[in-house]
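# Tertiary structure, described
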Amino acid sequence: MATARPQDHVMLLRGEFDDLDDVMAVMDRAFDPHHGEAWSRSQCAGILPMSGVSLVLAKTGGRTLGFSLHRTISDEAELLLLAVDPEAQGKGVGKMLLDQFEDSSGEQGASRLHLEVRDGNRATAFYEAAGFKLAGRRRRYYRGNEGERIDALTYVKTI
Ligand SMILES: CC(C)(COP(=O)(O)OP(=O)(O)OC[C@H]1O[C@@H](n2cnc3c(N)ncnc32)[C@H](O)[C@@H]1OP(=O)(O)O)[C@@H](O)C(=O)NCCC(=O)NCCS
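Residues numbered from 1 in each chain as written. Predicted model: local features only at pLDDT ≥ 70, side-chain atom pairs only at ≥ 80, totals over all residues. Heavy atoms only, no water.

## Re helix 3 (residues 93-107)
What counts, and what does not: Secondary structure elements are taken from DSSP: a helix is a run of H or I of four residues or more, a strand is a run of E of two residues or more, and numbering for both begins at the N terminus. Given the number of residues in a helix, its expected span is that number minus one, multiplied by 1.5 Å. Burial classes: relative accessible area under 20% of the type maximum marks a residue as buried, over 50% as exposed, and values in between as partly exposed (1.4 Å probe, protein chains only).
Counted at 1.5 Å a residue, the expected span for helix 3 with its 15 residues is 21 Å, and the 21 Å between its end C-alpha atoms agrees. Three or more residues of helix 3 are buried, namely V93, G94, M96, L97, L98, Q100, F101, S104 and S105. Just downstream of helix 3, G109 is the residue with a positive phi angle, here 100°.

## Quick notes on helix 1 (residues 20-30)
Residues lying three or four places apart along an α-helix face the same way, a consequence of the helix completing one turn every 3.6 residues. Operational definition: The arc under discussion is defined with respect to the helix axis, by the directions toward the C-beta atoms. In what follows, a contact means two residues having at least one pair of non-hydrogen atoms within 4.5 Å.
Taken together, the buried positions of helix 1 are L20, V23, M24, V26 and M27. For helix 1, the buried positions fall inside an angular range of 165° around the axis, keeping them on one side. Exposed side of helix 1, more than 90 degrees from the buried face: D21 and D28 are the residues found there. Elements that come into contact with the buried residues of helix 1 comprise helix 2 (41-47), strand 3 (53-60), strand 4 (63-73) and strand 5 (76-84).

## Concerning the nonpolar core
Just so we agree on the cut-off: What makes a nonpolar core is a set of buried Ala, Val, Leu, Ile, Met, Phe, Trp, Tyr and Cys residues whose side-chain atoms join them at distances within 4.5 Å.
Core analysis: the largest hydrophobic core is formed by 24 residues, its most contacted members being L97, L98, Y127 and F132. Going through the elements one at a time, strand 2 (10-14), strand 3, strand 5, helix 3, strand 6 (112-118) and strand 8 (149-158) are the ones with two or more residues in this core. Ranked by residue count, the leading element in this core is helix 3, at five residues. If sequence neighbours within four positions are ignored, F132 has contacts with L98, F101, L113, L115, Y127, Y155, V156 and K157. Membership of the second largest hydrophobic core comes to 18 residues, among which are L20, L55, F67 and L69.

## Overview of the UniProt feature "domain: N-acetyltransferase" (unreviewed entry) in the chain
We count it as follows: UniProt positions are given in the numbering used here, feature names are shortened, and annotations may be inferred rather than shown by experiment.
When the UniProt feature table is mapped onto this chain numbering, "domain: N-acetyltransferase" (unreviewed entry) sits at residues 11-159. For residues 11-159, the end-to-end C-alpha separation is 24 Å, with 27% helix and 40% strand making up the annotated structure.

## Some thoughts on the side chain of D19
Applicable threshold: We score Asp and Glu as negative and Lys and Arg as positive, and we do not count His or the chain ends. Note on definitions: salt bridges are taken to be side-chain nitrogens of Lys or Arg within 4 Å of carboxyl oxygens of Asp or Glu. In protein, a polar contact means a hydrogen-donor-capable atom and an acceptor-capable atom, both N or O and within 3.5 Å, with residues adjacent in sequence counting only if both atoms are side-chain atoms; elsewhere, any N or O pair within 3.5 Å suffices.
Here D19 lies in the loop between strand 2 and helix 1. K59 is the oppositely charged side chain nearest to the buried, salt-bridge-free D19, at an N-O distance of 4.8 Å. Polar contacts involving the side chain of D19 include one to the main-chain amide nitrogen of E16, which spans 2.7 Å. The contact partners of D19, leaving out residues within four places of it in the chain, are R14 and L57.

## Considerations on the environment of R29
Here R29 shows up in helix 1. Residue R29 is classed as partly exposed on the basis of its relative accessible area of 43%. Sequence spacing of R29 and V84 is 55 residues, and the spatial spacing of their C-alpha atoms is 8.6 Å.

## Quick notes on the side chain of T124
Within the secondary structure, T124 is located in helix 4 (residues 123-129). Each residue touching T124, except ones within four places of it in the same chain, is listed here: V117, R118, L153 and Y155.

## Focus: the packing of aromatic side chains
This is how it is decided: What counts as a ring pair is set by centres within 6.5 Å for rings of Phe, Tyr and Trp (its six-membered ring), and what kind of pair is set by the plane angle: stacked under 30 degrees, edge-to-face over 60, tilted for all other angles.
In the structure shown here, the tally under the stated rule is three aromatic pairs. Aromatic pair Y127 and F132: ring centres 6.1 Å apart, planes at 70°, arrangement edge-to-face. In this structure, Y127 and F132 share a single accessibility class: buried. One aromatic cluster in this structure is built from F126, Y127 and F132.

## Regarding the pairing of strand 4
Spelled out, the test is: Two strands qualify as a pair provided that DSSP identifies no fewer than 2 bridges between them.
With respect to burial, strand 4 is a largely interior element, eight of its 11 residues being buried. Pairing of strand 3 with strand 4 involves eight bridges; the strand directions are antiparallel. The partner of K59 across the bridge, within strand 4, is T64. Connecting the antiparallel pair strand 3 and strand 4 is a turn made up of two residues, with G61 showing a positive phi of about 55°. In this sheet, strand 5 lies alongside strand 4 in antiparallel orientation, the contact comprising eight bridges. When the sheet's bridge partners are listed, G66 is paired in strand 5 with V84.

Shown next, in the form of structure tokens:
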């Protein structure tokens, strides 16, 4: 897979285990550790070999600007993680990755897309603008770095 947008030289490329250093660098910069949304390196490494899991990197030159991690099982797909380096946010990279999630999930047979996001994360507006509908709330799902519990909102999009 290599999706290019020549106007901004950002390419989407399939990621592998060897890309986890880049993934963790973006993860550390994009997620506020206060909220407990980021995954650890071992969580990422553990899920990568699983069936239906895809890691996608947004790159320009040799630099990784963002990534998505998603999984398709039968007709359901889940966006597990999406993050863009703060320096690269607001330039359409997140939307490129979200569109790739939707397109590749559809190609693999998914008809329903799922994601969850921390209640209070401004990314909810980003997902709603992309057609995701609020479907539920998981109470006390995230644990912040001071032990506080934060709800997750679940979103669904039918494609
Ligand atoms: C959410 C995130 C991935 C968006 O990536 P991005 O590259 O900044 O988004 P884009 O530039 O592609 O924005 C696409 C659209 O969403 C809007 N948007 C992006 N982030 C937004 C936000 N936080 N609040 C409101 N709208 C937002 C943009 O205005 C844009 O709309 P437009 O096309 O009408 O101008 C990025 O902000 C991020 O990494 N956040 C931290 C990690 C995180 O919380 N991830 C989500 C939970 S897994």
